[in-house]
Amino acid sequence: QHGHDIEALQLFEEMMHCDGVEPNEATFGSVLKVCVGLRDLRKGKFIHHCIVEFGFESHVVDGNVLLDVYGRYGSMEDAEKIFLTMPKQDVATWNAMINLYVSYNQEVNAFHCFVTMRESGVLPNKITLIGMLCICSTYDMLGLGEWLHSLIVDLDLDLDDVAMCNALLSMYGKCGKSDEAAQVFDNMACRNSVAWNAMIAGYVQHGQEHEALNSFERLRTEGFLPNAVTFTCILKACGSVGAIDKGKQIHDEIVNLGLLKEDLVLGNALV
């Protein structure tokens, strides 16, 4: 719990040599998390062997952590083998597999995994749907994104959740549906910088620079402070419409905030 991973592993090894004391589900859950923290695949494989030896291979939580260990520090093939040999899969298992496919740039496999999950009768949760919406944003998959939005409504998931709203907002913005993005944005009970940036970036990406500039001014009037991402997006809008005076004003603000010294992307946007 307090980050002393090596000491935790040493205790586990002592425990394994202690007569009359056997590890249980809680033991394996803890030491597997240590393997994730230490990025130690070799130790993870050893603990996997112990899990099988002590008959805990059907424990879903341990299987999910094993999937994480093999996926992060082994290979996608290793993770798929663990996944296919797990006796049970819960929603966390499917989420882990989908996220691993995304991390290995295998978004098509992530989509097929999501479909198989639905066919198996497991209901997606917020984490599943946010991950799938991110895929839609990356690959301009508006049809799938709209279907996911309707699924969120059908499952009665929390549409006031900031992360969920940000994912929907980003998906609609990047797919060029600015009206739908604006509707999600206006209905948000609580907006954060991610939401503002997604809205502005969506406008800029699809040639609606004046709307982006209006959103930037609205951001200020509602008491939010722009960050490096906000400035980068709005500078692109200034460049596209020739708003040199606004660009110079933003340049001064960036310098006063000390952002230019540490953000190359922001410097490139100014250039």
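Residues numbered from 1 in each chain as written. Predicted model: local features only at pLDDT ≥ 70, side-chain atom pairs only at ≥ 80, totals over all residues. Heavy atoms only, no water.

1. A closer look at the overall build of the protein chain
Logical step 1: A tally of regular secondary structure across the protein chain gives 16 helices and 0 strands.
Logical step 2: Computed over the C-alpha atoms, the radius of gyration of the protein chain is 23 Å, more than 25% above the 18 Å expected from 2.2 N^0.38 for a compact globule of 271 residues.
Logical step 3: The buried share of the protein chain, taken over its 271 residues, is 42%.
Logical step 4: Taking as baseline every contact in the protein chain between residues at least 6 positions apart, the subset at least 24 positions apart corresponds to 55%.
Logical step 5: Accessible surface, the protein chain: about 14600 Å² in total, of which carbon and sulfur atoms supply 53%. (Helix = DSSP H or I, 4+ residues; strand = E, 2+ residues; numbered from the N terminus. Rg over C-alpha atoms; globule rule 2.2 N^0.38 Å. Buried < 20%, exposed > 50% of the residue type's maximum accessible area, 1.4 Å probe, protein only. Contact = heavy atoms within 4.5 Å. Areas by Shrake-Rupley, 256 points an atom, 1.4 Å probe, with all protein chains shown as cover.)

2. Thoughts on the environment of Leu142
Logical step 1: Position of Leu142 relative to the elements: it lies in helix H9 (residues 142-154).
Logical step 2: Between the C-alpha atom of Leu142 and that of Ala8, which follows or precedes it by 134 residues, the distance is 47 Å.
Logical step 3: Apart from the residues within four sequence positions on either side, Leu142 is in contact with Met171, Tyr172, Cys175 and Lys177.

3. Remarks on the environment of Val69
Logical step 1: Looking at the element boundaries, Val69 is found in helix H4 (residues 60-73).
Logical step 2: Its relative accessible area of 0% is what places Val69 among the buried residues.
Logical step 3: Residues Val69 and Arg39, 30 residues apart in the sequence, show an inter-C-alpha distance of 7.5 Å.
Logical step 4: Val69 has contacts with Leu32, Cys35, Val36, Leu41, Gly44 and Gly74, leaving out every residue within four places of it along the chain.

4. Details of the pattern of salt bridges
Logical step 1: According to the stated counting rule, one finds 9 salt bridges in the structure shown.
Logical step 2: A salt bridge links Glu77 to Lys81; its shortest N-O distance comes to 3.8 Å. With Glu77 and Lys81 both in helix H5 (residues 76-85) and 4 residues apart, the pair spans about one turn of that helix. Residues Glu77 and Lys81 agree in their burial class; the two are exposed.
Logical step 3: Residues Lys126 and Asp161 are paired through a salt bridge, measuring 3.2 Å at the closest nitrogen-oxygen approach. Of the two residues, Lys126 sits in helix H8 (residues 126-139) while Asp161 sits in the loop between H9 and helix H10 (162-174), which places them 35 residues apart along the sequence.
Logical step 4: With a relative accessible area of 17%, Asp161 lands in the buried category.
Logical step 5: Among the charged side chains, a network of salt bridges with common partners joins Asp186, Arg191, Arg218 and Glu222. (Salt bridge = Lys/Arg side-chain N within 4 Å of Asp/Glu carboxyl O.)

5. So, the packing of aromatic side chains
Logical step 1: Tallied over the full model, the rule gives 8 aromatic pairs.
Logical step 2: Taking the centre distance of 6.2 Å and the plane angle of 65 degrees together, the rings of Phe12 and Phe28 count as edge-to-face. With Phe12 in helix H1 (residues 5-16) and Phe28 in helix H2 (residues 25-38), this residue pair connects regions lying 16 residues apart in the sequence.
Logical step 3: Judged by relative accessible area, Phe28 falls into the buried class, the value being 0%.
Logical step 4: On the numbers, 4.8 Å between centres and 75 degrees between planes, the contact of Phe185 with Trp196 is edge-to-face. With a gap of 11 residues between them, Phe185 in helix H11 (residues 178-187) and Trp196 in helix H12 (residues 193-205) connect regions that are remote in the sequence.
Logical step 5: Using a relative accessible area of 0% as the deciding quantity, one classes Trp196 as buried.
Logical step 6: What links up through ring pairs into an aromatic cluster is the set Phe12, Phe28, Phe54 and Phe56.
Logical step 7: Across from the ring centre of Phe185, 4.5 Å away, lies the NZ or CZ of Arg191, which sits over that ring. (Phe/Tyr/Trp six-rings, centres within 6.5 Å; stacked < 30°, edge-to-face > 60°. Lys NZ or Arg CZ within 6 Å of the ring centre and 35° of its normal.)

6. A few points about the nonpolar core
Logical step 1: Core analysis: the largest hydrophobic core is formed by 79 residues, its most contacted members being Ile47 and Leu169.
Logical step 2: Contacts of Leu169, omitting those with residues within four sequence positions, involve Ala181, Val184, Phe185, Met188, Ala195, Ala198 and Met199. (Core = buried A, V, L, I, M, F, W, Y, C linked by side-chain atoms within 4.5 Å.)

7. Quick notes on helix H7 (residues 107-119)
Logical step 1: Over its 13 residues, H7 runs 18 Å from end to end, which matches the ideal 18 Å to within 8%, given 1.5 Å per residue.
Logical step 2: Where H7 is concerned, the buried positions are Glu107, Ala110, Cys113, Phe114 and Met117. Down the axis of H7, the buried set is contained in an arc of 105 degrees. They therefore lie on one face. Opposite the buried face of H7, by more than 90 degrees, sit the exposed residues Val108 and Glu119.
Logical step 3: In this structure, the buried residues of H7 make contact with helix H6 (91-103), H8 and H9.
Logical step 4: Immediately downstream of H7, the backbone of Gly121 shows phi near 95 degrees, a positive value. (Expected span 1.5 Å × (residues − 1). Arc of directions from axis to C-beta.)

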